[in-house]
Amino acid sequence: MTRIDIQLPDDVSAEVDHLELTVEGSNGSVTRRLWYPDVSVAVEDDTVVISAEADDAKTNATVGTFESHVENMIHGVTEGWAYEMEVFYSHFPMQVSVDDDEVVIENFLGERAPRRTAVRGDTDVEVEEERLTVRGPDIEDVGQTAADIEQLTRVTDKDVRVFQDGVYITQKPSRGEA
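On a predicted model such as this, the values are computed, not experimentally measured, just so you know. (Residues numbered from 1 in each chain as written. Predicted model: local features only at pLDDT ≥ 70, side-chain atom pairs only at ≥ 80, totals over all residues. Heavy atoms only, no water.)

*Asks:* Describe the overall build of the protein chain, and please don't skip the residues or the numbers.
*Replies:* In terms of helices and strands, the protein chain carries two helices and 13 strands. Taking 178 residues into account, the globule formula puts the C-alpha radius of gyration at 16 Å, and the protein chain, at 20 Å, lies well above it. Along the first, second and third principal axes, the C-alpha atoms of the protein chain reach 60 × 35 × 30 Å. Taking all 178 residues of the protein chain together, the buried fraction comes to 37%. When contacts within the protein chain are restricted to residue pairs at least 6 apart in sequence, those whose partners lie at least 24 apart make up 58%. Carbon and sulfur atoms make up 42% of the accessible area of the protein chain, which totals about 10,400 Å². (Helix = DSSP H or I, 4+ residues; strand = E, 2+ residues; numbered from the N terminus. Rg over C-alpha atoms; globule rule 2.2 N^0.38 Å. Buried < 20%, exposed > 50% of the residue type's maximum accessible area, 1.4 Å probe, protein only. Contact = heavy atoms within 4.5 Å. Areas by Shrake-Rupley, 256 points an atom, 1.4 Å probe, with all protein chains shown as cover.)

*Asks:* Go over the sheet that holds strand β4 (residues 28–33), please, and point to the residues and values.
*Replies:* Strand order across the open sheet formed by three strands is β2-β3-β4, with antiparallel pairing between neighbours. In this open sheet, the two strands that pair with only one neighbour each are β2 (13–17) and β4. With direction set aside, neighbouring strand axes in the sheet form an average angle of 15°. (Pairing = 2+ DSSP bridges. Axes fitted to C-alpha atoms, helices over the stretch in contact; angles between N-to-C directions.)

*Asks:* Can you break down unusual backbone geometry residue by residue, with the values?
*Replies:* One non-glycine residue with positive phi stands out, namely H18, at about 60°. Along the chain, H18 turns up in the loop between β2 and β3 (20–25). Here H18 falls in the exposed class, since its relative accessible area comes to 72%. Despite not being glycine, D45 has its phi angle at roughly 55°, a positive value. By the element assignment, D45 lies in the loop between β5 (39–44) and β6 (47–52).

*Asks:* Report on the sheet that holds strand β13 (residues 166–171), specifying residues and quantitative values.
*Replies:* Pairing is antiparallel in the open sheet, where four strands are placed in the order β11-β12-β7-β13. The two strands at the open ends of the sheet, each matched to only one other strand, are β11 (124–128) and β13. Shown here is a sheet whose adjacent strand axes are inclined to one another by a mean of 25°, direction ignored. Here five bridges tie strand β7 (residues 81–88) to β13, and the two strands are oriented antiparallel to one another. Residue M85 lies in a different strand from β13, and its bridge partner there is I169. The strands touched by helix α2 (residues 139–152) are β7, β11, β12 (131–136) and β13; relative to β7, the strand with the most contacts, the crossing angle is about 5°.

Next comes the structure, spelled out in structure tokens:
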């Protein structure tokens with residue numbers, strides 16, 4: 001039998017509703033469905049307990065994955081996740097803006113129609129001149145929003161060595177582990 005206890009910080013609370021774990025903190029809340037046969041997730045006092053009846057490799061790997069998910073959720077609701085992005089253009093000056101829950105890129109390679117992508121979840125996108133900062137409590141929503149912005153400016157029909165215009169991720173978040 002495998003059992004992992006994850007201690008919650010003082011300003012973080014967690015609860016399990018059926019198969020969904022919700023972690024709440026000062027930076028927001030993150031809900032995630034954690035399900036695998038014979039693996040259970042429970043909250044006891046101020047500890048998240050992940051336990052498994054079976055002791056085979058796949059189950060142990062899943063328990064470790066669930067542990068990483070919970071640690072990422074705790075980090076997200078306390079410190080948050082942030083991606084740094086940079087706007088680069090050499091041919092046509094492009095304008096990047098946030099309109100409600102959409103990122104809008106205008107004048108990409110001289111195109112008349114603006115390119116748009118949705119901002120996912122509780123993610124905030126800040127535009128400051130040629131820099132974008134994508135922040136939020138859920139690492140998956142933040143990462144997918146940054147990837148969507150980067151893919152929005154992908155060049156497919158031109159030589160990418162010449163046409164390097166786009167919005168690129170320059171710094172990804174980490175939990176500070178080496």
